[in-house]
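Each chain, written out:
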Amino acid sequence: WLPLDAGLARAITSGRCEDLDALRAREHGTWDRARVHPEATAAQRQACADPASLVRAIDGADAVFLNGGDQSLQYRAWIVDGKPTPAYERLLARVRSGALVLGGTSAGTAVQSRRTRPGAAMVSNGSSS
């Protein structure tokens, strides 16, 4: 399990690990995660302090499975302000080399459309019109 989400990616990219809780609240609309999920929060704090640990975890994996949910959040865990994170770059390099299998369900599949065809649109949100 990678403790990666949009809030953590933003904290790492901005160098503001002390703002992790606020960034998670802003990105995800979730509050009080440390009380509800103390182990996951501790893992995120460690990853923020040592972002290279995410790359090492990807290096040690045979496969990565992307979860479902909100694909825009899934996307923002890997791409921050239009720039790929080091974890994303490593993930993509290992997938392209054939060293890593990448799978997903629901949003975890949809978010891969950009990887499959560079520049391809990922449909997220919208209205019935």
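Here, the structure is the one placed above.
Attention here is on the structure that accompanies the text. (Residues numbered from 1 in each chain as written. Predicted model: local features only at pLDDT ≥ 70, side-chain atom pairs only at ≥ 80, totals over all residues. Heavy atoms only, no water.)

Assigned secondary structure in the protein chain consists of nine helices and four strands. When the helices and strands of the protein chain are placed in sequence order, the string is α-α-α-α-α-β-α-β-β-α-β-α-α. For the protein chain, the proportion of its 129 residues judged to be buried stands at 36%. As displayed, the protein chain has an accessible area near 7500 Å², and 52% of this comes from carbon and sulfur atoms. (Helix = DSSP H or I, 4+ residues; strand = E, 2+ residues; numbered from the N terminus. Buried < 20%, exposed > 50% of the residue type's maximum accessible area, 1.4 Å probe, protein only. Areas by Shrake-Rupley, 256 points an atom, 1.4 Å probe, with all protein chains shown as cover.)

By the alternation rule, side chains of strand β1 (residues 63-66) split into Val64 and Leu66, which are all buried, and Ala63 and Phe65, of which none is buried. Where β1 and strand β4 (residues 101-104) come together, four bridges link them in parallel fashion. In the sheet register, Ala63 faces β4, and the bridge partner there is Val101. (Pairing = 2+ DSSP bridges.)

Turning our attention to the pattern of salt bridges. Across all of its chains, the model carries 11 salt bridges by this definition. Its salt-bridge partner being Arg24, residue Asp21 comes within 3.1 Å of it at the nearest N-O pair. Remark: Arg24 and Asp21 occur in helix α2 (residues 20-28); sequence separation between them is three residues, near one turn of the helix. Judged by its relative accessible area of 36%, Asp21 falls in the partly exposed class. The salt bridge partner of Asp50 is Arg56, with a shortest N-O separation of 2.5 Å. Given a relative accessible area of 47%, Arg56 falls into the partly exposed group. (Salt bridge = Lys/Arg side-chain N within 4 Å of Asp/Glu carboxyl O.)

Moving on, we come to the environment of Leu66. Relative to the helices and strands, Leu66 resides in strand β1. Sequence-wise, Leu66 and Thr105 are 39 residues apart; in three dimensions their C-alpha atoms are separated by 6.6 Å. Among all residues touching Leu66, those that are not within four sequence positions of it are Gln74, Trp78, Leu102, Gly103, Gly104, Thr105, Gly108, Val111 and Gln112. (Contact = heavy atoms within 4.5 Å.)

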